[in-house]
Amino acid sequence: MIRYAARRLAFALFLVIAVSSASLLLSRLAPGDFVTESLGARASRQAIEQQRARFGLNRSFGAQYRDWLASVARLDFGYSMLYDRPVRDLIPERAANTAILALTALVCATLVGVPLGIVSGSRRGGLLSAAIRTASVVLLSMPPLLTSLFLVFAAARTGWLPIAGMRSATVPAGGGFMDLIRHLVVPAAAIALPLAAMLERLQAQAMAEVIAEPFVLAAVARGVPRSRIVWHGALKAALRPVAAVYGLIIGSLLSGSFAVEVITAWPGLGSLMLQALRTRDVYLVAGCAGAGALFLACGTLVSDLALAAIDPRTSDARAEAA
Amino acid sequence: MTRGLGVVLVTLALLAAVAAPMVAPNPVDAHFAGLLNAPPTIVRMAGEDHAWHAPFIYRWRLVSQLEQQYEEDRSAPTALAWFSGGRLVGSPDQAAPLLLLGTDSYGRDVFTRLLFGARTSLGLAVTAALGAMLAGAVLGGLAGFAGGMTDDVVMRATDFVMVLPAIYVALALRSVLPLVLTAPQVFALLAAIFAVVGAPFVARGVRAIVRSERQLDYARAAQALGASDLRLLIRHLLPAAGGFIAVQMTLLIPAFIIGEATLSYVGLGFPDPVASWGTMLHDASSNIRVFADFPWLLSPAAAMFLVVLGVNLVLQNASRGVKSIL
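Residues numbered from 1 in each chain as written. Chains lettered and ligands numbered in written order. Predicted model: local features only at pLDDT ≥ 70, side-chain atom pairs only at ≥ 80, totals over all residues.

Thoughts on the overall build of chain B
Then comes step 1: Broken down by element type, chain B carries 12 helices and 5 strands.
Then comes step 2: The C-alpha extent of chain B, read off along each of the three principal axes, is 85 × 40 × 30 Å.
Then comes step 3: Evaluated residue by residue, chain B yields a buried proportion of 44% over its 326 residues.
Then comes step 4: Long-range contacts, defined as pairs at least 24 residues apart, comprise 71% of the intrachain contacts of chain B with a sequence gap of at least 6. (Helix = DSSP H or I, 4+ residues; strand = E, 2+ residues; numbered from the N terminus. Buried ≥ 20, exposed ≤ 12 C-beta atoms within 10 Å, placed from the backbone. Contact = placed C-beta atoms within 7 Å.)

As for the overall build of chain A
Then comes step 1: In terms of regular secondary structure, chain A is built from 13 helices and 2 strands.
Then comes step 2: Overall, the C-alpha framework of chain A stretches about 85 × 55 × 35 Å when taken along its three principal axes.
Then comes step 3: A total of 322 residues make up chain A; the buried ones form 40% of that total.
Then comes step 4: Residue pairs at least 24 apart in sequence account for 74% of intrachain contacts in chain A once pairs closer than 6 positions are excluded.

Let's talk about the environment of Gln215(B)
All names here are of chain B.
Then comes step 1: Structurally, the position occupied by glutamine 215 is in the loop between helix 6 (183–214) and helix 7 (217–224).
Then comes step 2: The exposure class of glutamine 215 is exposed, given the 8 C-beta atoms found within 10 Å.
Then comes step 3: Expressed as a C-alpha distance, the spacing of glutamine 215 and alanine 79, which sit 136 residues apart in the sequence, is 70 Å.

Focus: the environment of Ala164(A)
Then comes step 1: On the secondary structure map, Ala164(A) appears in the loop between helix 7 (144–158) and helix 8 (175–211).
Then comes step 2: You can call Ala164(A) partly exposed: it has 17 C-beta atoms within 10 Å.
Then comes step 3: For the pair Ala164(A) and Val152(A), spaced 12 residues apart in sequence, the C-alpha to C-alpha distance is 8.4 Å.
Then comes step 4: The contact partners of Ala164(A), leaving out residues within four places of it in the chain, are Thr264(A), Ala265(A) and Ile288(B).

Points about the pairing of strand 2 (residues 52–64) of chain B
All names here are of chain B.
Then comes step 1: As paired elements, strand 1 (residues 44–46) and strand 2 share 2 bridges and run antiparallel to each other. Among the inter-strand pairings, arginine 44 is bridged to a residue of strand 2, identified as phenylalanine 56.
Then comes step 2: Where strand 1 folds back onto strand 2 in an antiparallel hairpin, the turn is made up of 5 residues, including histidine 50, whose phi is positive at roughly 60°.
Then comes step 3: Here strand 2 pairs with strand 3 (residues 69–79) via 8 bridges, running antiparallel. Bridged to arginine 59 within strand 3 is aspartate 73. (Pairing = 2+ DSSP bridges.)

What to know about the packing of helix 9 (residues 242–265) of chain B against helix 10 (residues 277–284) of chain B
When two helices pack together, their arrangement is given by the angle between their axes and by how far apart the axes lie.
All names here are of chain B.
Then comes step 1: Between helix 9 and helix 10, the shortest axis-to-axis distance is 7 Å and the interhelical angle comes to 30°. Here helix 9 and helix 10 pass one another in a crossing that is right-handed. Note on element contacts: helix 10 touches helix 9 through Trp277, Gly278, Thr279, Leu281 and His282, opposite Glu260, Ala261, Leu263, Ser264 and Tyr265.
Then comes step 2: Residues that form the contact of helix 9 with helix 10 fall into these classes: 5 nonpolar, 4 polar and 1 charged. (Axes fitted to C-alpha atoms, helices over the stretch in contact; angles between N-to-C directions. Left-handed = near helix turned anticlockwise from the far one by under 90°. Nonpolar A, V, L, I, M, F, W, Y, C, P; charged D, E, K, R; others polar.)

A closer look at the interface of chain B and chain A
Then comes step 1: Contacts between the two partners involve 31 residues from chain B and, on the opposite side, 35 residues from chain A.
Then comes step 2: Going through the elements one at a time, helix 5 (166–176), helix 9, helix 11 (290–293) and helix 12 (299–314) of chain B are the ones with two or more residues in the side of chain B that touches chain A.
Then comes step 3: The residue makeup of the side of chain B that touches chain A, split by class, is 27 nonpolar, 3 polar and 1 charged.

A few points about the packing of helix 7 of chain A against helix 10 (residues 226–264) of chain A
Residue and element names in this part refer to chain A.
Then comes step 1: The geometry of helix 7 relative to helix 10 is characterised by a closest axis approach of 8 Å and an angle of 30° between their N-to-C directions. In terms of axis orientation, helix 7 runs roughly parallel to helix 10. The interaxial crossing formed by helix 7 with helix 10 has right-handed handedness. On helix 10, the residues that touch Pro144, Leu145, Ser148, Leu149 and Val152 of helix 7 are Gly256, Ala259, Val260, Ile263 and Thr264.
Then comes step 2: Class assignment of the residues belonging to the contact of helix 7 with helix 10 gives a composition of 7 nonpolar, 3 polar and no charged. (Parallel < 35°, antiparallel > 145°, perpendicular 65-115°, else oblique.)

Section: the confidence of the model for chain B
Then comes step 1: A residue-level look at chain B finds 97% of positions with pLDDT of 70 or above and a mean pLDDT of 85.
Then comes step 2: Predicted complex metrics record ipTM = 0.85 and pTM = 0.87. (pLDDT = per-residue confidence, 0-100.)

A look at the sheet that holds strand 3 of chain B
Residue and element names in this part refer to chain B.
Then comes step 1: Strand order across the open sheet formed by 3 strands is 1-2-3, with antiparallel pairing between neighbours. A strand with exactly one partner marks an edge of an open sheet, and here the two such strands are strand 1 and strand 3. Along the sheet, successive strands turn relative to each other by an average axial angle of 50°, direction set aside.

A few points about the environment of Arg113(B)
All names here are of chain B.
Then comes step 1: In this fold, arginine 113 is placed in helix 3 (residues 110–146).
Then comes step 2: C-beta crowding within 10 Å serves as the criterion here: with 29 such atoms nearby, arginine 113 is assigned to the buried category.
Then comes step 3: Here the alpha-carbon distance between arginine 113 and leucine 101, two residues 12 residues apart in the chain, equals 9.9 Å.
Then comes step 4: Setting aside its immediate chain neighbours within four residues, arginine 113 contacts Val28, Arg108, Ala275 and Met280.

Remarks on the pairing of strand 4 (residues 81–84) of chain B
Residues and elements named next belong to chain B.
Then comes step 1: In terms of strand pairing, strand 4 meets strand 5 (residues 87–90) through 3 bridges, oriented antiparallel. Paired with serine 84 across the bridge in strand 5 is arginine 87.
Then comes step 2: Connecting the antiparallel pair strand 4 and strand 5 is a turn made up of 2 residues, with glycine 85 showing a positive phi of about 65°.

This is the structure:
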């Protein structure tokens, strides 16, 4: 177990370093740099050279990368040319906003999707499970991009909820927290709805498979009440395959939150990364990518370790495979 | 029954893409300067005189320049022209065009652009899925067949790509290249990027199938009869993975449609005059409130939903145990 944890930790570290290095390299390879993008085509050569020297963009990539790595080791992630501030000051706030959005969505999706999946998976026929299934199939076909567009449309039409941003310009009655919750509804629901549908389908499938097993039949024969079988015995067995999915969800959670952040103007990591990529702000790109990778690494690490704790076979099998 | 619905939806989308120039009521590059953000024209059969007519439309008359409010001009009905000028149906009067889904903020017919956009969006998604299938089959086949080092390297690489959020990988790769490119360049570039992101999903499954099939008697028999490695792989082992590849490829298509839409929405997709479902949404995205005032501008999103729903319904049972990229 400890060897397994160490192995996963090493992978997490590798992920963060590889992703931020690769994004630094990629945005350096791109034609044009921050200076040409921001000064425009009509700037004089002298002005361009001067700016390049100021930002250190006139060095070779090798030298730039070496300096960057050395400063990262001191937890200094370079300087954002776009915001004229150190990257270290910019990222935490944006990363926290993305975390609020993604975690709210994940918790809501779990609270809605998993119980519904248990209900629809444990009854084969019936109106209720048919209704749940239909809703899931429809929502599964609405990835966050589409869901957020439709929800923004509905919210703007009815005027019930704010459709953009994270806070109102002036703090209204009820305080800042309620204001944040009101702004959170549309973007979080846009991510949570398709996710809940996916969890519901998985949970229903796992539940249906467990219910077909002999130990459930044996429990029925002993006269154990139905609700007890479903919510105690079978549930324990059926949670495992769903828990295994959480490691993979983190990636799609970040993908989904990118589209939602752009559409609802949520000030998160995704919209910052987009801005940095477009202006060729290389250190900011690397910083955002690194922060995103850190998210991903923590998410997969936690879910891997949790899974290994529930089901010891996982760590053995993976350790062998690795 | 639901599967039938899926087949109908997918077939309709493909038909719309193939037959776009014939079905579209207006030329794709037509701008109706006096009809910015005009609502859909209503096709009527009952006239003011309470008698039935062949289908006809009224033209829109601008009543408020500021709010872009229109009302029907009841004085002059225009009868629709069928099968004229190489179109299924259209309006003979240039001043009273048939706008089944209204116009966008440039006065372009949304329905026509939706049909032509299907060509771009679906064409790109299918091309990319074919690319992902080819790359995935080659990589997975090699890894499963060769084993050892090759297997390790390929599987680590696919692991790495799969764990990353797909849209960020596409975004980073896209922004490496010049931000402004021509439409064919964007098409090729996005297809290649999506193929790279999608290939691991195919490769993993193919590898597992090739590995287990290789142990079976028929594969050993073929080898004993003197089949070369390449022949064994291509003629015997890869066909065994055919069903899986077909399902996985179809599952990638919705993901790629959404991927194109996301990249185009943020302005890294197709350049302006090209109609694709993503660029149509992008044109309206400068102020998100326009969707509330002119709901027909959301029709590309509705089209995407219907296509994705169609694919999901077709694959409802086939896709068990296959990982989704979304």
